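Reading the structure
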Amino acid sequence: DIPNARWGIMFAGILKFIPLFIMVIPGAMAISLFPGLENADMVFPTIMTKVLPTGLLGLVLAGLVSAIMSSVDSTLNSASTLLVKDFIEPNSKGISDTRIANYGRITTLILMVVAAIWAPLIANFSSLWAYLQQMFSIVVPPIAVIFLVGVFYKRGNGTASFLTLILGTAFGVLLFVLEQFDMWDLHYTYNVGLIFGVSTAIFMIVGALGEPTPAEKIEKYTYRKELLSAGMEGMPWYKDYRFHGLLLLILVAIVFITFN
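Everything in this summary refers to the structure shown in the same document. (Residues numbered from 1 in each chain as written. Predicted model: local features only at pLDDT ≥ 70, side-chain atom pairs only at ≥ 80, totals over all residues. Heavy atoms only, no water.)

1. Describing the pattern of salt bridges
Tallied over the entire structure, the rule returns three salt bridges. Lys85 is the partner of Glu89 in a salt bridge, and the nearest nitrogen-oxygen pair spans 3.0 Å. Overall, Glu89 belongs to the partly exposed group, its relative accessible area being 25%. (Salt bridge = Lys/Arg side-chain N within 4 Å of Asp/Glu carboxyl O. Buried < 20%, exposed > 50% of the residue type's maximum accessible area, 1.4 Å probe, protein only.)

Quick look at the structure:
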């Protein structure tokens, strides 16, 4: 129900603090432990091989390989499912389940080949972390606009969302390509705000030019003040998601001030 969904979101927010302690702080500790270590991508393997005992080292490596395989498997399955369900199946009426499964396998194979071809290019980035953050800076802003702006802007529609996703991502890719040819020197963290702004403009302009969506269709998906307290009737204060959200903001502020 709605309260459990809210609690789940708050719990997910708390979980975002974990990378600080399992990724960032160990990396900072490695500066003192191994002062001659210049390659950032070697921090984790160096800490494992130099600090962990043999048995625990094998256990951590097994967990690491399992996590990598699980992430790759989930990503490939999700990507192939999206392509088949959103593009192939709607345009192929009466398609059999066997053909759908075959399309899914072919799509997965193509995505694996593309990923294998792209993988060596990652070495051209300063570090694996920088690569991941730069890729996120391209694909995340348009998605964030669709969710965040879409909640408050009631003229938003399916066409606006689709074009925002396509054109916003294309704009991010353009900035990335220009950077590779030294034609754009703005850091990718600044590009996030720029892409977000451009995506917001696309979403609002296309939405304003299109036909307004009937109010009854968007009532459950756009912001209304009464939704904030819906489902909280008779709920103890310590179970109220708004109290959890306040605690989360306080924790963010404490971490920011402490480690800044």
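2. Observations concerning the side chain of Ser80
When you line up the elements, Ser80 lands in helix H4 (residues 54-88). Residue Ser80 is classed as buried on the basis of its relative accessible area, which comes to 5%. A distance of 3.0 Å separates the side chain of Ser80 from the backbone oxygen of Asn77, its partner in a polar contact. Excluding residues within four positions of it along the chain, Ser80 makes contact with Gly104, Thr107, Thr108 and Leu111. (Helix = DSSP H or I, 4+ residues; strand = E, 2+ residues; numbered from the N terminus. Polar contact = N/O pair within 3.5 Å; in protein donor to acceptor, adjacent residues only side chain to side chain. Contact = heavy atoms within 4.5 Å.)

3. Describing the nonpolar core
If you look at soluble globular proteins, the nonpolar side chains tend to sit buried side by side. The biggest cluster of nonpolar side chains holds seven residues, and these are Val145, Val149, Tyr153, Ala160, Ile202, Phe203 and Val206. Going through the elements one at a time, helix H6 (128-152) and helix H8 (188-209) are the ones with two or more residues in this core. Among the elements that line this core, the one with the most residues is H8, at three residues. Contacts of Val149, omitting those with residues within four sequence positions, involve Ala144, Thr200, Phe203 and Met204. (Core = buried A, V, L, I, M, F, W, Y, C linked by side-chain atoms within 4.5 Å.)

4. Overview of unusual backbone geometry
Phi at Asp182 is positive, roughly 55°, even though this residue is not glycine. For Asp182, the location among the structural elements is in the loop between helix H7 (158-180) and H8.

5. Some words on the packing of H4 against helix H5 (residues 97-118)
Relative orientation of the contacting elements H4 and H5 amounts to 130°, with a least axis distance of 9 Å. In terms of orientation, H4 lies oblique with respect to H5. In the crossing of H4 with H5, the sense of the turn from one axis to the other is right-handed. Facing H4, whose interface residues are Leu76, Ala79, Ser80, Leu83, Val84 and Ile88, H5 presents Ile100, Tyr103, Gly104, Thr107, Thr108, Leu111 and Met112. Within the contact of H4 with H5, the residues separate by chemical class into nine nonpolar, four polar and no charged. (Axes fitted to C-alpha atoms, helices over the stretch in contact; angles between N-to-C directions. Parallel < 35°, antiparallel > 145°, perpendicular 65-115°, else oblique. Left-handed = near helix turned anticlockwise from the far one by under 90°. Nonpolar A, V, L, I, M, F, W, Y, C, P; charged D, E, K, R; others polar.)

6. Points about the packing of aromatic side chains
Throughout the structure, instances matching the rule amount to six aromatic pairs. When the centroid spacing of 5.4 Å and the interplanar angle of 35° are considered together, the rings of Phe152 and Tyr223 count as tilted. Within this pair, whereas Phe152 is found in helix H6, its partner Tyr223 is found in the loop between helix H9 (215-218) and helix H10 (241-259), the two being separated by 71 residues in sequence. For Phe152, a relative accessible area of 59% translates into the label exposed. For Tyr223, a relative accessible area of 36% translates into the label partly exposed. An aromatic cluster of at least three residues, connected via ring pairs, comprises Phe125, Tyr131 and Phe176. (Phe/Tyr/Trp six-rings, centres within 6.5 Å; stacked < 30°, edge-to-face > 60°.)

7. A look at H10
Look at H10: 27 Å from first C-alpha to last across 19 residues, which is about the 27 Å you get at 1.5 Å a residue. Taken together, the buried residues of H10 touch helix H1 (2-15). (Expected span 1.5 Å × (residues − 1).)

8. Quick look at the side chain of Thr164
Along the chain, Thr164 turns up in helix H7. Polar contacts involving the side chain of Thr164 include one to the main-chain carbonyl oxygen of Ala160, which spans 2.6 Å. Not counting chain neighbours up to four residues away, the residues in contact with Thr164 comprise Pro142, Val145, Ile146, Thr169, Ser199, Ile202 and Phe203.

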